[in-house]
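# Coordinate inspection notes
Residue-level listing of the chains:
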Amino acid sequence: IEVEEFDLVVFGASGDLAHRKLLPALYHRDADGQLPANARIICSARRDYTDDDYRNYAKAALKEHVKDLDDEHLSLFLDRLRYVKIDVASGEGFDDLKTILDERTDVVRAFYLAVGPDLFGTICENLGKAGAVNDHSRVVIEKPIGKDGASAKALNETVGSVFKEEQIFRIDHYLGKETVQNLMALRFANALFEPLWNAAHIDHVQITVAESLGVGGRAGYYDTAGALRDMIQNHLLQLLCLVAMEPPESMNADSVRDEKLKVLKALAPIDEHNVDKMTVRGQYRAGASAGGAVPGYLDELGNDESRTETFVALKAEIANWRWAGVPFYLRTGKRLAQRVSEIVVQFQPIPHSIFDAEAGAITANRLIIRLQPDEGVQMQIMIKDPGPGGMRLRQVPLDMSFADAFKVRNPDAYERLIMDVIRGNQTLFMRRDEVDAAWAWIDPIQSAWASSKNLPKGYTSGTWGPSASIALVERDGRTWTEDD
Ligand code: BG6
């Protein structure tokens, strides 16, 4: 379905995000017929490009990142692109942008800030000063929103002085992933799970976002962030919220966000008193990945002193009626054994077995929601082994793979999210108070680590992280799924 008429301005149009994600996402939406005939994409950066130079740049990006590029769609898409040179820091170029935008004032006007967070405030202020913001405007900002609660507050205030909250779209691209949205369908479009979705029936939850790549060319940014700020504060906490929240009254943005906020507020604090017991941080050393030998983090960074963590495992507890006593083990890291993101809901064992020892062990049910790769949902259940050999039990997966079940291309998260910006639907975006609540939980962990004498634990690239991460769950008599 076509969205309404719009102008989308992309700041940072020659950067990595635009190159790898935004241009391909917009191309796909266009090729699928979702962009109205007169939609314009106005790209801006500091380079001295003409419209045609930028179109060539965009063409190269699309050739690299889009499979089955169609020449006819490509040329129609490139025709939508305009280029304006803007020097964000000096403010030069904002008037030129305004002139282009004022060619039509009654369409959605979205500003996508695909730049570092240090520029968010300046861009918003300059847009305000240039008079480029009107009632149809929206602004999109990427995580990380600040580096702690205080800086997030300052940033939200500056952005908020130019745009109203309902015009601000804080992207956490995990919320746009098909399988993440599917989590809501699974929980709230089925009668099966919700009655069991609580401490009486669930033993624990594991959320893993493992990457096999290292920090690569992003070491400069990454070293100021680390895995806690880069991944846990946003992506993993958002996943935790979707698993743990109460049923919202509707899919309306505020209903969903109200429920997520309650979960964030109910997280039991981790601070200097329990940080060693509840968290593990690691940093990768040299090792091997699929492509061969790889250097350690400090070598990549060229700095022996850095204590930045590239791995975090932690045990989160939600202090409320539904979840008391159910640990949520979160884990994320770079240069791990494989790229896999999944949520594992481990149910309680059956209360009493009617089978004799011959039948074999009965494994508790487990629901696995695989976010990537090989997106799918798997329910592990016990059955009788077929055959006349008596009652022998076996665990088998009830398996649903998205690739097998639906023969359609799995759209990238950004495709959905950019279209939601145009539609003005904030359901899959973070509200300001959610960001604040997430930082309120993260800040004490960060400062407990900063004042701790312990350094991040080294782990060999290509493994599952420091052994302390295994110990974190084994102490509770549990294991990470891939260790079973
Ligand atoms: C980003 C982080 O938000 O998410 C990166 O800054 C990380 O460090 C990326 O690699 C992971 O996203 P995805 O979609 O590849 O799982």
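Quick caveat, the model's predicted, so the values are computed rather than measured.

Here is what the cut-offs are and how they apply
Residues numbered from 1 in each chain as written. Predicted model: local features only at pLDDT ≥ 70, side-chain atom pairs only at ≥ 80, totals over all residues. Heavy atoms only, no water. Helix = DSSP H or I, 4+ residues; strand = E, 2+ residues; numbered from the N terminus. Rg over C-alpha atoms; globule rule 2.2 N^0.38 Å. Buried < 20%, exposed > 50% of the residue type's maximum accessible area, 1.4 Å probe, protein only. Contact = heavy atoms within 4.5 Å. Areas by Shrake-Rupley, 256 points an atom, 1.4 Å probe, with all protein chains shown as cover. Lys, Arg positive; Asp, Glu negative; His and termini not counted. Charge placed at Lys NZ, Arg CZ, Asp CG, Glu CD. Pairing = 2+ DSSP bridges. Right-handed = clockwise from strand over helix to strand, strands pointing away. Core = buried A, V, L, I, M, F, W, Y, C linked by side-chain atoms within 4.5 Å. UniProt positions renumbered as here; feature names shortened; annotations may be inferred. Polar contact = N/O pair within 3.5 Å; in protein donor to acceptor, adjacent residues only side chain to side chain. Arc of directions from axis to C-beta. Near = heavy atom within 4 Å. Nonpolar A, V, L, I, M, F, W, Y, C, P; charged D, E, K, R; others polar. Axes fitted to C-alpha atoms, helices over the stretch in contact; angles between N-to-C directions.

So, about the overall build of the protein. Counting secondary structure elements, the protein contains 16 helices and 18 strands. Taking 23 Å as the expected radius of gyration for a compact globule of 484 residues, we find that the protein reaches 24 Å, a close match to that expectation. Seen along its three principal axes, the alpha-carbon backbone of the protein occupies a region of about 80 × 55 × 45 Å. Out of the 484 residues belonging to the protein, those deemed buried represent 53%. The long-range share in the protein, meaning contacts at least 24 apart out of those at least 6 apart in sequence, stands at 77%. Accessible area of the protein: about 21300 Å², with a carbon and sulfur share of 51%. In the protein, the 56 positive side-chain charges and the 73 negative ones have mean positions that sit 2 Å from each other.

Quick look at the pairing of strand 2 (residues 40–45) now. The buried fraction of strand 2 is high, at 6 of 6 residues. Burial along strand 2 is two-sided: Arg40, Ile42 and Ser44 and Ile41, Cys43 and Ala45, pointing in opposite directions, are all buried. Where strand 1 (residues 6–11) meets strand 2, 5 bridges bridge the pair, whose relative direction is parallel. Counted as the bridge partner of Phe11 is Ser44 from strand 2. Chirality of the crossover, the property in question, places the unit of strand 1, helix 1 (residues 16–31) and strand 2 among those that are right-handed. Relative to strand 3 (residues 81–85), strand 2 runs parallel, the two sharing 5 bridges. For Ile42, the partnering residue across the bridge sits in strand 3 and is Arg82.

Ranked by size, the top nonpolar core spans 151 residues in total, and within it Phe11, Phe111 and Phe328 carry the most contacts. Considering every element that reaches this core, the biggest residue donor is helix 9 (residues 227–244), with 12 residues. In this view, Phe328 contacts Val205, Leu240, Val243, Ala244, Leu314, Lys315, Ala316, Ile318 and Trp323; residues no more than four positions away in its chain are not counted.

Right, let's talk about the environment of Pro386 for a bit. Among the secondary structure elements, Pro386 is positioned in the loop between strand 15 (376–384) and strand 16 (393–401). Judged by its relative accessible area of 66%, Pro386 falls in the exposed class. Between the C-alpha atom of Pro386 and that of Leu22, which follows or precedes it by 364 residues, the distance is 51 Å.

In this section: the UniProt feature "binding site: substrate" (unreviewed entry) in the protein. UniProt feature "binding site: substrate" (unreviewed entry): in the numbering of this structure it lies at His173, Lys177, Glu211, Asp230 and Lys334. As for its position among the elements, Asp230 is in helix 9. Apart from residues lying up to four places away in sequence, Asp230 is in contact with Lys143, Arg218, Tyr221, Tyr222, Ala225, His235 and Lys334. Polar contacts involving the side chain of Asp230 include one to the side chain of Tyr221, which spans 2.6 Å.

Because each turn of an α-helix spans 3.6 residues, side chains separated by three or four positions end up pointing in the same direction. Every buried residue of helix 4 (residues 94–101) is accounted for by Phe94, Leu97, Ile100 and Leu101. Relative to the axis of helix 4, the buried residues are bounded by an arc of 120° and lie together on one face. Counted as exposed and oriented over 90 degrees from the buried face of helix 4: Asp95 and Thr99.

For the rest of this paragraph, the subject is the site of the ligand. Contacts to the ligand come from Lys143, His173, Tyr174, Lys177, Glu211, Arg218, Asp230, Met231, His235, Lys334, Arg339 and Gln372. Protein chains shield 82% of the accessible area of the ligand, which is 400 Å² for the free molecule. The greatest single-element share of the shell around the ligand, amounting to 3 residues, is contributed by helix 9. For the shell around the ligand, the class distribution of residues is 2 nonpolar, 3 polar and 7 charged.

The next point concerns the sheet that holds strand 16. With mixed pairing, the 9 strands of this open sheet are ordered in space as 16-15-14-13-7-12-11-8-18. Since the sheet does not close on itself, it has two edges, and those belong to strand 16 and strand 18 (457–460), each with one partner. With strand direction ignored, the average angle separating the axes of adjacent strands in the sheet is 20°. In this structure, strand 8 (residues 279–285) lies alongside strand 11 (residues 311–316), joined through 4 bridges in antiparallel fashion. Opposite Val280, over in strand 11, you have Ala313 as the bridge partner. Across the sheet, helix 7 (residues 178–188) is in contact with strand 13 (340–347), strand 14 (366–372) and strand 15; its angle to strand 14 comes to roughly 150°. Most of the contacts of helix 16 (residues 467–474) go to strand 11, to which it runs at about 10°, and overall it touches strand 8, strand 11, strand 12 (328–333) and strand 18.

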